[in-house]
Amino acid sequence: NRMEQLKNESSRQYEYMEEMKKWVQKKSEELGRKLTCHVTTFGCQMNEKDSEKLLGILETIGYEEVETEEADFLIFNTCTVRENANTKLYGHLGQVKKMKERNPQMMIGLCGCMMQEEHVIEKIRSSYKFVDIIFGTHNIFKLAELLKARVDSKGMIVDIWKDTDQIVEDLPSDRKFSFKCGVNIMYGCNNFCSYCIVPYVRGRERSRKPEAIVREIERLVADGVTEVMLLGQNVNSYGKTLENPITFSELLRRLDRIEGDYRIRFMSPHPKDATPELFETMANSKHIAHSLHLPLQAGNNRVLKAMNRN
């Protein structure tokens, strides 16, 4: 059973976290200080959210977050959508090499969209051999397991998945703000706009179960979060891939029933899936903000056709 498998994956990861906790504790005792970590994030709010999950795992195994990249474990969560993102990462890696020479404990992890491109992996393998762990956008939940593999093997660990239909729930997350929080409702994109790399680096669309989303937002509201941002590459097409498909409007209605003092926003929706039902749901809701972020891209039919924007 699929659900069973994912539950097992979640508990497997907690076992790796337990093992790594012991390792971190032992290392800290040897060094007479706490091991530190830092995550530098490039790119979109989806990446920001992924970084909170990575930090959650690192703090669970005993690392302490610091503000600077001069840390015992440094992760770069990369973006490849914006043009200068790649150059930026290589610039950072140049500086990090010197840090690593000063601190032989230091480990470097690279993840995110840029790592889903084969030519990038080749370049890092040949020119940046001091990198310890490389993973992509689909398997960030495996961080503790990859760390364990690195500690056991002493060599560079590369674990890139081409695509996935897995969504592993209930892993730790370290929220950056007490009052606002992003919540993933789906991953990936099926639109294939002609200029966009997202479907290739984030994979096909897959939606989280509505029950899991409701549960997460109930916890956040109980914890004092007043501003919830639903995240997805195209939130309007939420629910199509579920065993029991539901519409984005139906999800919003369920979320609106959660008791408390909070507001819900979402990004990014695609105009082609924005239905009259969606606007009615927003207008009649108690908690959904009455404003909409809608990326129109262009107002010219020829340009839109070339962009493959329906």
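Residues numbered from 1 in each chain as written. Predicted model: local features only at pLDDT ≥ 70, side-chain atom pairs only at ≥ 80, totals over all residues. Heavy atoms only, no water.

**Some points on unusual backbone geometry**
Here is the rule we go by: Secondary structure elements are taken from DSSP: a helix is a run of H or I of four residues or more, a strand is a run of E of two residues or more, and numbering for both begins at the N terminus. Here the term buried applies to any residue with accessible area under 20% of the maximum for its type, exposed to any over 50%, and partly exposed to those in between, with areas from a 1.4 Å probe on protein chains only.
Here the amide bond leading from Met267 into Ser268 is cis, since omega sits at -10 degrees, within 30 degrees of zero. Here Phe192, not a glycine, exhibits a phi torsion of approximately 50 degrees, which is positive. Counting through the fold element by element, Phe192 comes out in the loop between β8 (186-187) and α6 (198-202). On the basis of relative accessibility, which here comes to 30%, the residue Phe192 falls in the partly exposed class. At Asn308, a position not held by glycine, the phi torsion is positive, near 60 degrees. Relative to the helices and strands, Asn308 is located in the segment after α10 (301-307). The exposure class assigned to Asn308 is partly exposed, which follows from its relative accessible area of 35%.

**Looking at the pattern of salt bridges**
Pairing of side chains with opposite charge becomes possible as their charged atoms draw close. The condition that has to hold: Whenever Lys or Arg places a side-chain nitrogen within 4 Å of a carboxyl oxygen from Asp or Glu, that contact is recorded as a salt bridge.
Inspection of the entire model under this criterion finds 31 salt bridges. Across the salt bridge formed by Arg12 and Glu145, the nearest N and O atoms sit 2.6 Å from each other. Linking Arg12 in helix α1 (residues 2-31) with Glu145 in helix α5 (residues 143-153), this pair joins segments that are 133 residues apart in sequence. Residue Arg12 is classed as partly exposed on the basis of its relative accessible area, which comes to 32%. When the shortest N-O distance is used, the salt bridge between Asp72 and Arg33 registers 2.8 Å. Of this pair, Asp72 sits in the loop between β2 (64-65) and β3 (73-78) while Arg33 sits in the loop between α1 and β1 (36-41); the two residues are 39 residues apart in sequence, bridging distant segments of the chain.

**A look at the packing of aromatic side chains**
Our working definition: The rule is short: rings of Phe, Tyr and Trp, with Trp giving its six-membered ring, pair when the centres are within 6.5 Å, and they are stacked under 30 degrees, edge-to-face over 60, tilted in between. Charge over a ring is defined by NZ of Lys or CZ of Arg lying within 6 Å of the ring centre and within 35 degrees of the ring normal.
Taken as a whole and judged by the stated rule, the model has eight aromatic pairs. Aromatic side chains Tyr63 and Phe73 sit 6.0 Å apart centroid to centroid with 45 degrees between the ring planes, which places their arrangement in the tilted category. With Tyr63 in the loop between α2 (45-60) and β2 and Phe73 in strand β3, this residue pair connects regions lying ten residues apart in the sequence. For the pair formed by Tyr63 and Phe73, the shared burial category is buried. Taken together, a centroid distance of 6.1 Å and an interplanar angle of 75 degrees make the contact between Tyr128 and Phe130 edge-to-face. As far as burial versus exposure is concerned, Tyr128 and Phe130 are alike and both buried. Each residue in the set Tyr90, Tyr128 and Phe130 is aromatic and connected to the rest through ring pairs, giving one cluster. The ring of Phe177 carries Lys180 above its face, with NZ or CZ at 4.6 Å from the centroid.

**Points about the sheet that holds strand β10 (residues 227-231)**
For the record, the criterion: A strand pair is defined by DSSP finding two or more bridges across the two strands. Only the stretch in contact is used when a helix axis is fitted, and all axes are lines through C-alpha atoms; the angle between N-to-C directions ranges over 0 to 180 degrees. Should any heavy atoms of two residues lie within 4.5 Å, those residues are considered in contact.
Taken together, the three strands give an open sheet; going across it, the order is β7-β10-β11, and neighbouring strands pair in parallel fashion. Only two strands of the sheet have a single partner each, and these edge strands are β7 (180-184) and β11 (263-267). Each adjacent strand pair in this sheet contributes to an overall mean axis angle of 25 degrees, direction not counted. In the sheet, β7 pairs with β10 via five bridges, with the strands oriented parallel. What sits directly across from Cys181, in β10, is Val228. The strands touched by α2 are β7, β10 and β11; relative to β7, the strand with the most contacts, the crossing angle is about 95 degrees.

**Some points on the environment of Gly94**
Along the chain, Gly94 turns up in helix α3 (residues 85-102). Its relative accessible area of 32% is what places Gly94 among the partly exposed residues.

**A short note on the packing of helix α7 (residues 210-222) against helix α8 (residues 248-256)**
A pair of packed helices is characterised by two quantities: the angle between their axes and the separation of those axes. Threshold: Two helices that cross are described as forming a left-handed crossing if the nearer one is turned anticlockwise from the farther one by less than a right angle, and a right-handed crossing if clockwise. When residues are grouped by polarity, Ala, Val, Leu, Ile, Met, Phe, Trp, Tyr, Cys and Pro land in nonpolar, Asp, Glu, Lys and Arg in charged, and all others, Gly among them, in polar.
Two numbers describe how α7 lies on α8: the axes approach to 10 Å, and their chain directions differ by 35 degrees. Read as a crossing pair, α7 and α8 show a hand that is right-handed. Facing α7, whose interface residues are Pro210, Glu211, Ile213, Val214 and Ile217, α8 presents Leu251, Arg254 and Leu255. Classifying every residue of the contact of α7 with α8 by side-chain character gives six nonpolar, no polar and two charged.

**Quick look at the side chain of Arg206**
The line we're drawing: Neither His nor the chain ends is counted toward charge; the positive residues are Lys and Arg and the negative residues Asp and Glu. N or O atoms closer than or at 3.5 Å make up a polar contact, with two conditions inside protein: a donor-capable atom paired with an acceptor-capable one, and, for residues adjacent in sequence, both atoms drawn from side chains.
With respect to the helices, strands and loops of the structure, Arg206 is situated in strand β9 (residues 206-207). No salt bridge is formed by the buried Arg206, whose closest oppositely charged neighbour, Asp163, lies at an N-O distance of 4.5 Å. Within the structure, the side chain of Arg206 is placed 3.5 Å from the side chain of His138, a separation counted as a polar contact. Setting aside residues up to four positions removed in sequence, Arg206 forms contacts with His138, Thr164, Asp165, Gln166, Ile167, Met186, Tyr187, Gly188 and Thr241.

**What about empty space enclosed by the protein?**
Heads up, the rule is: Only protein atoms enter the 1 Å grid used here, on which a cavity is any set of points holding a 1.4 Å probe that cannot leave and a pocket is any open set flanked by protein within 12 Å on both sides along at least five of seven lines; residues with an atom within 4 Å of a point are listed as lining. Grid points are joined across faces, edges and corners, and a volume is the space filled by probe spheres set on the points.
Scanning all chains against the criterion turns up one cavity of 30 Å³ or more. Considered as a void within the structure, the largest cavity measures approximately 30 Å³ in volume. Together, Trp23, Lys27, Leu35, Tyr63, Asp72, Gln105 and Met107 line the largest cavity. Residues belonging to the lining of the largest cavity are distributed by class as follows: four nonpolar, one polar and two charged.

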